[in-house]
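Fold and contact review
One letter stands for each residue in the lines below.
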Amino acid sequence: MSRWGLTSADPTPDQPQENPRHSQDALQRQKRNWVWNQFFVLEEYTGTEPLYVGKLHSDVDKGEGKVRYVLTGEGASSIFTIDENTGDIHATKRLDREEQGYYTLRAQAVDRDTSRPVEGESEFIVKVQDINDNEPKFLDGPYTSGVPEMSPLGTTVAQVTATDADDPTYGNSARVVYSITHGHPYFSVEPKTGIIRTALPNMDRETRDQYVLVIQAKDMVGQMGGLSGSTSVTVTLTDVNDNPPRFSRKSYQYSVLESLPVSAVVARLKAADADIGSNAEMDYCIIDGDAPGVFNITTDEETQEGVIVLQRPLDYETKSSFSLKIEATNRNIDPQFLTFGPFSDTAVVKVFVEDVNEPPVFSALVSKMVVSEAARVGSVIGAVSARDPDSSGSAIRYSIDRNTDLERFFNVDALSGVISTAKPLDREVNSVHNITIFATENQDPSQVGRGIALITVMDINDNAPVFAIEYETLLCENAAPGQVIQTVSAVDKDQPPSGHRFFFSLALSALNNSNFTLRDNKDNTASVLTARSGFRRQVQSLYRLPVLIVDSGSPALSSTNTLSVRVCDCDADGLPQACGAVAFSLPAGLSTGALLAVLACIITLLVLMLLIVAMQRRRKVPLFLEDERDVRENIVQYDDEGGGEEDTEAFDMAALRNLNVIRDSKVQNVTPESPSVNPYSASARTSYKTLPDNIFEEFIWDRLKVTDADPSAPPYDSLQTYVFEGNGSLAGSLSSLESPRSDSEQSYDYLSNCGPRFKRLADLYGSLDGSSVFS
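Remember, it's a predicted structure, so these values are computed and weren't measured experimentally. (Residues numbered from 1 in each chain as written. Predicted model: local features only at pLDDT ≥ 70, side-chain atom pairs only at ≥ 80, totals over all residues. Heavy atoms only, no water.)

All right, on to the overall build of the protein chain then. Regarding its fold elements, the protein chain presents five helices and 42 strands. Looking at the protein chain as a whole, 35% of its 775 residues are labelled buried. Expressed as a percentage of contacts within the protein chain between residues at least 6 apart in sequence, the contacts between residues at least 24 apart total 67%. Total accessible area on the protein chain stands at roughly 45600 Å², and carbon and sulfur atoms take up 52% of it. (Helix = DSSP H or I, 4+ residues; strand = E, 2+ residues; numbered from the N terminus. Buried < 20%, exposed > 50% of the residue type's maximum accessible area, 1.4 Å probe, protein only. Contact = heavy atoms within 4.5 Å. Areas by Shrake-Rupley, 256 points an atom, 1.4 Å probe, with all protein chains shown as cover.)

Printed below as a string of structure tokens:
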């Protein structure tokens, strides 16, 4: 059995206590006489030598040097070192309790030779002892706060809090007291709590609205040697409604022109209020004046000004000055400050009207007049009157705004204002004329007044009645006598005061007809009735009945309107089935077969005509462009490929298929059994003078010679694809890819003189002797 021993460098170490970790081991090892768990070391040690912390010792160590002490755990070797022979522990670095307050280490005694433990591992703590090395700090500073003005003494403003990083459980290093270093005598602070209060009553915001306080926090309970920190507190006095509105003057004077329009601003005035925000809001009103209803006053919510607005037109000649009494009252009154009142003020406002040269004024803005549409040209309709409202009383000249009388139906006398007709009037065209009359001052033509003449044209009976609509009357062949076949009505453009009354009758030419009669229904309608039966379409299919219509005007006007009646074949219900003349019957001698033959001939002729037109449209434009057509610098693309002999669209097939024509008795027929001659094969590459075997080959041969010999023929440097190529073609292959070499004397040396754009062609063809473009 063995035991550990402890010698601490702290002069006042804590009493040793049993380590719970080793409690079970302590029950078994009864001879251990010392159990420890803690060392102390002072923070911020500034000495040059390592700081001695304490000593470890084991009963096994007899001083013979056979025991070696080992230290592990937090900071072992880096911060704390142990003398392996003596067990002395030293701190090699400055320690800061605020960074780490304690370190947990483990100690063990081992045999120096075998390194086997001779004592079980034990854990202990090195606690860093605090010193006053941190000043108090206001973590939330600087502070801002507000307190209402006029607050009583001791009103709470704000609370500040300072923290000290030192150990609050050890000494007074973290015990802080507060004091105010700047802000006397307006505010005070409680030393222990840091609560700031007002030190003076009734502080006025309008005198001073902001204070900056400096609060100090000092540790060591404020004793000598303590550390301190400070912060600023900005205190703003908030406004209360403790100031009534006051006008700067008791009387105001303003001048306005009499031409000022209604709703225009006459004047602005403001009552001064030292308060701000809602406490400075006020309402203005007119409490007295000599012209009620002429002016009104409102509050401008942004500027809190009283805005006087004109509500009625001004007239210098009628009244040239006005007197108003204006009152301004605070909108939000605080009852606790009523003793500071009254919270309203009044002022007198004088408004003077200045004279301006006004345009003439009509006695009536709208003059209503009536004229008959039968009035002769020059007839007087009425008169308008205007006057100069100014004291000068200038003479007036009248005229008509021709934009309102484009057709110049009326004239106005320039001096008297009498309006007369200038053209005949027609109520049915325009029943009301709305014209504008100008009244111009002679002294100042720029002053023009405007009035309206509303002229109503009275109706006369100058239009005869006519049928209301275009009637279509159908009469059944089996109609009985006295049957109503049509009811007619009439319209009249005139508008008599008592309404229309029309009279219907048959015209004189139809009074004695035996077919129809007319009955006036006395309600502005008339009924047409049959006078007999036995109507037949074969005899007469259409009847025209003249109807006379007379109106009730004075003098009465009439018109004759024709009613057309068609005879129809009707069914048993009286519904028309066929109307008008009976269709013409075929002669008895013409049979149906003959008609079909004639129709077949007509159709045949039409088909022939369509074929002729189709053949004409099938003619195509030549495949090759004219030599004189310039198509240089164009890309010509041929995407079509011949479809053999089934392709009948590209050429005139009749000419190409005529292979039996013998030219100079040297052309033989080509049959499917005989092989096609390929003039472009290797064995047949001859000069252009070789005679082709058939007409088709001769055509292609000639076109090839022209194209091959002409360097300006389009397209340039491209493959020319000919149609009539494909399987089974009697003409053989026509591909330009198998064109023969040219034995012509064509020279391409001139390409070298055509400039840099033709350099590539000159390199390809200019140096070849006796070669064509197909080489």
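Still more to cover.
It is worth spelling out the sheet that holds strand S33 (residues 448-458) at this point. Across the sheet, four strands lie side by side as S26-S33-S32-S29; this open sheet has mixed pairing. Taken across any chain shown, the strands that pair with only one partner, and hence form the sheet edges, are strand S26 (366-372) and strand S29 (396-400). With direction set aside, neighbouring strand axes in the sheet form an average angle of 30°. (Pairing = 2+ DSSP bridges. Axes fitted to C-alpha atoms, helices over the stretch in contact; angles between N-to-C directions.)

Of all hydrophobic cores here, the largest spans 25 residues; its most connected members are Phe 247, Phe 295, Ile 308 and Val 349. Contributing elements (two or more residues each) for this core: strand S17 (251-257), strand S18 (265-269), strand S20 (282-289), strand S21 (295-300), strand S22 (305-310), strand S23 (321-330) and strand S24 (344-354). Once residues lying within four places of it in the same chain are set aside, the contact partners of Phe 247 are Tyr 252, Leu 269, Lys 270, Ala 271, Tyr 284, Ile 326, Ala 328, Asp 345, Thr 346 and Ala 347. One finds Ala 510, Val 547, Val 565 and Val 567 within the second-largest nonpolar core, a separate group that totals 23 residues. (Core = buried A, V, L, I, M, F, W, Y, C linked by side-chain atoms within 4.5 Å.)

On to the state of the cysteines. Considering all chains together, one arrives at two disulfides under this definition. Paired by a disulfide, Cys 476 and Cys 570 hold their sulfur atoms 2.0 Å apart. Note on the Cys 476 and Cys 570 pair: the S-S dihedral is about -90°, so by sign convention the disulfide is left-handed. Here Cys 476, found in strand S35 (residues 473-476), pairs with Cys 570, found in strand S41 (residues 558-570); they are 94 residues apart in sequence, far enough to count as distant. As far as burial versus exposure is concerned, Cys 476 and Cys 570 are alike and both buried. (Disulfide = S-S within 2.5 Å.)

So, about the environment of Arg 566. With respect to the helices and strands, the residue Arg 566 is situated in strand S41. Judged by relative accessible area, which is 39%, Arg 566 ranks as partly exposed. Arg 566 sits 14 residues away from Gly 580 along the chain, and the two C-alpha atoms are 6.1 Å apart. With near-sequence residues (within four places) excluded, Arg 566 lies in contact with Thr 473, Leu 474, Leu 475, Ser 541 and Leu 542.

For the rest of this paragraph, the subject is the side chain of Thr 104. With respect to the helices, strands and loops of the structure, Thr 104 is situated in strand S7 (residues 102-111). By relative accessible area, which is 19% here, Thr 104 ends up buried. Those residues in contact with Thr 104 that lie beyond four places of it in its chain are Gly 73, Glu 74, Glu 123, Phe 124 and Ile 125.

Here we come to the side chain of Thr 231. Take Thr 231: it is sitting in strand S15 (residues 228-238). Leaving out residues up to four positions away in the same chain, Thr 231 has contacts with Phe 138, Gly 141, Pro 142, Tyr 143, Leu 213, Val 214 and Ile 215.

Here we take up helix H4 (residues 695-709). Compared with the 21 Å implied by 1.5 Å per residue over 15 residues, the 21 Å span of H4 between its first and last C-alpha is a close match. Taken together, the buried positions of H4 are Phe 696, Glu 697, Glu 698, Ile 700, Trp 701, Leu 704, Thr 707 and Asp 708. (Expected span 1.5 Å × (residues − 1).)

A separate point is unusual backbone geometry. Cis geometry is adopted by the peptide bond preceding Pro 185, which originates at His 184 and carries an omega value of 0°. Tracing the backbone through its elements, the reader meets Pro 185 in the loop between strand S11 (177-182) and strand S12 (187-189). The omega torsion of the bond from Ser 554 to Pro 555 falls at -5°, within 30 degrees of zero and hence cis. Looking at where Pro 555 falls in the secondary structure, it is placed in the loop between strand S40 (542-550) and S41. Phi is positive for Ser 115, close to 60°, though the residue is something other than glycine.

Once that is clear, we can look at the environment of Thr 517. Inspection of the secondary structure puts Thr 517 in strand S38 (residues 516-520). Among the residues examined, Thr 517 registers a relative accessible area of 37% and is labelled partly exposed. Along the primary structure Thr 517 and Arg 532 are separated by 15 residues, whereas in three dimensions their C-alpha atoms are 9.7 Å apart. Residues in contact with Thr 517, not counting those within four places in the same chain, are Leu 506, Ser 527, Val 528, Leu 529 and Ala 531.

Once that is clear, we can look at the pattern of salt bridges. Per the counting criterion, the structure on display carries 18 salt bridges. Glu 190 is the partner of Arg 197 in a salt bridge, and the nearest nitrogen-oxygen pair spans 3.0 Å. Taking the relative accessible area as the measure of exposure, Glu 190 reaches 28% and is therefore partly exposed. Between Arg 402 and Asp 405 there is a salt bridge, and its shortest N-O distance comes to 2.9 Å. The buried category is assigned to Asp 405, whose relative accessible area is 3%. (Salt bridge = Lys/Arg side-chain N within 4 Å of Asp/Glu carboxyl O.)

Another point: the sheet that holds strand S10 (residues 156-159). Ordered by their spatial adjacency, three strands build an open sheet running S10-S13-S12, and the pairing between neighbours is antiparallel. In this open sheet, the two strands that pair with only one neighbour each are S10 and S12. Strand after strand, the sheet turns through a mean of 25° between neighbouring axes, direction not considered. One ladder, built from three bridges, connects S10 with strand S13 (residues 195-198); its direction is antiparallel. Counterpart to Gln 159 in the pairing with S13 is Ile 195.

Averaged over all residues, the pLDDT of the protein chain equals 79, while 78% of them reach at least 70. Here residues 659-689 scores under 50 on pLDDT; set against residues more than four positions off or in separate chains, the count is 50 contacts. (pLDDT = per-residue confidence, 0-100.)

As a further point, take the packing of aromatic side chains. The final tally for this structure, using the stated rule, is 14 aromatic pairs. Between the aromatic rings of Phe 247 and Tyr 252, the centroid separation amounts to 6.2 Å while the plane-to-plane angle is 70°, which identifies the pairing as edge-to-face. The exposure class assigned to Tyr 252 is buried, which follows from its relative accessible area of 4%. For the ring pair Phe 516 and Phe 535, a centre distance of 5.7 Å and an interplane angle of 15° mean the geometry is stacked. (Phe/Tyr/Trp six-rings, centres within 6.5 Å; stacked < 30°, edge-to-face > 60°.)

A surface patch of nonpolar side chains, amounting to about 670 Å² of accessible area, comprises Leu 596, Leu 599, Ile 603, Leu 605, Val 607, Leu 608 and Leu 611. Relative to the elements of secondary structure, Leu 608 occurs in helix H2 (residues 592-617). Given the relative accessible area of 45%, Leu 608 is considered partly exposed. (Patch = residues over 30% accessible without salt bridge, like charges linked within 9 Å, V, L, I, M, F, W, Y side chains within 5 Å.)

This paragraph deals with the pairing of S22. With respect to burial, S22 is a largely interior element, five of its six residues being buried. Looking at chain direction, S18 and S22 are connected through four bridges and run antiparallel. Residue Leu 269 lies in a different strand from S22, and its bridge partner there is Gly 306. Where S21 meets S22, six bridges bridge the pair, whose relative direction is antiparallel. Bridge pairing links Thr 299 to Gly 306 in S22. In textbook terms, the turn of a hairpin is the stretch between consecutive antiparallel strands, and for S21 and S22 this stretch comprises four residues, one of which, Gln 304, has a positive phi near 60°.

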